[in-house]
Amino acid sequence: MGNALFCLASTCMVLDHGNANARNHPCHECPQSFRTEKRLKDHIKNNHKGTFKCNKCFRTFKLRDDKKAHEDKNECSKKK
Ligand SMILES: [Zn+2]
Ligand SMILES: [Zn+2]
């Protein structure tokens with residue numbers, strides 16, 4: 001006890017502070033990770049359920065503003 005399994009500080013990108021096996025279901029949307037896939041899915045459903053998909057290139061965005069910025073900048077037609 002008293003041993004933090006993960007850090008909530010937004011600046012901390014270390015997922016599990018050395019407990020690699022404890023939480024091996026990392027969220028792709030935020031720095032948290034979870035012990036089971038179910039917990040991860042619940043977390044995503046509760047915290048990141050709003051996804052906005054670009055109709056042109058089918059990229060997805062967490063925020064409506066992100067999608068809007070993407071469309072405004074015409075990133076779809078950008079070719080690398
Ligand atoms: Zn998350
Ligand atoms: Zn697009």
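Residues numbered from 1 in each chain as written. Chains lettered and ligands numbered in written order. Predicted model: local features only at pLDDT ≥ 70, side-chain atom pairs only at ≥ 80, totals over all residues.

Structural notes on the overall build of the protein
Consideration 1: Each helix and strand counted, the protein has 2 helices and 4 strands in total.
Consideration 2: Ordered by position from the N terminus, the helices and strands of the protein form the series β-β-α-β-β-α.
Consideration 3: Counting every position in the protein, which comprises 80 residues, the buried fraction comes to 4%.
Consideration 4: Partitioning the intrachain contacts of the protein with sequence separation of at least 6 by distance along the chain shows that 5% fall at a separation of at least 24. (Helix = DSSP H or I, 4+ residues; strand = E, 2+ residues; numbered from the N terminus. Buried ≥ 20, exposed ≤ 12 C-beta atoms within 10 Å, placed from the backbone. Contact = placed C-beta atoms within 7 Å.)

Quick word on the environment of Lys 38
Consideration 1: As for its placement among the helices and strands, Lys 38 is situated in helix 1 (residues 37-47).
Consideration 2: Each C-alpha atom of the pair Lys 38 and His 25 lies 9.3 Å from the other, and the pair is 13 residues apart in sequence.

Looking at unusual backbone geometry
Consideration 1: Backbone geometry at Phe 58 places phi at a positive 65°, although glycine is not the residue there.
Consideration 2: Phe 58 gets classed as exposed once you count the C-beta atoms within 10 Å, which come to 8.
Consideration 3: One non-glycine residue, Asn 74, lies in positive phi territory at about 60°.
Consideration 4: Tracing the chain through its elements places Asn 74 in the segment after helix 2 (64-72).

Side note on the environment of Cys 76
Consideration 1: Inspection of the secondary structure puts Cys 76 in the segment after helix 2.
Consideration 2: Among the residues examined, Cys 76 registers 14 C-beta atoms within 10 Å and is labelled partly exposed.
Consideration 3: Spatially, the C-alpha atom of Cys 76 lies 6.7 Å from that of Lys 56, the residues being 20 residues apart in sequence.
Consideration 4: Other than its neighbours up to four places away in sequence, Cys 76 contacts Cys 54, Lys 56 and Cys 57.

Notes on the confidence of the model for the protein
Low-confidence regions, as indicated by low pLDDT, have predicted coordinates that should not be scrutinised in detail.
Consideration 1: Taken residue by residue, the protein gives an average pLDDT of 76. The fraction at 70 or more is 69%.
Consideration 2: Per-element confidence in the protein ranges from a low mean pLDDT of 84 for strand 3 (residues 52-53) to a high of 93 for strand 1 (residues 25-26). (pLDDT = per-residue confidence, 0-100.)

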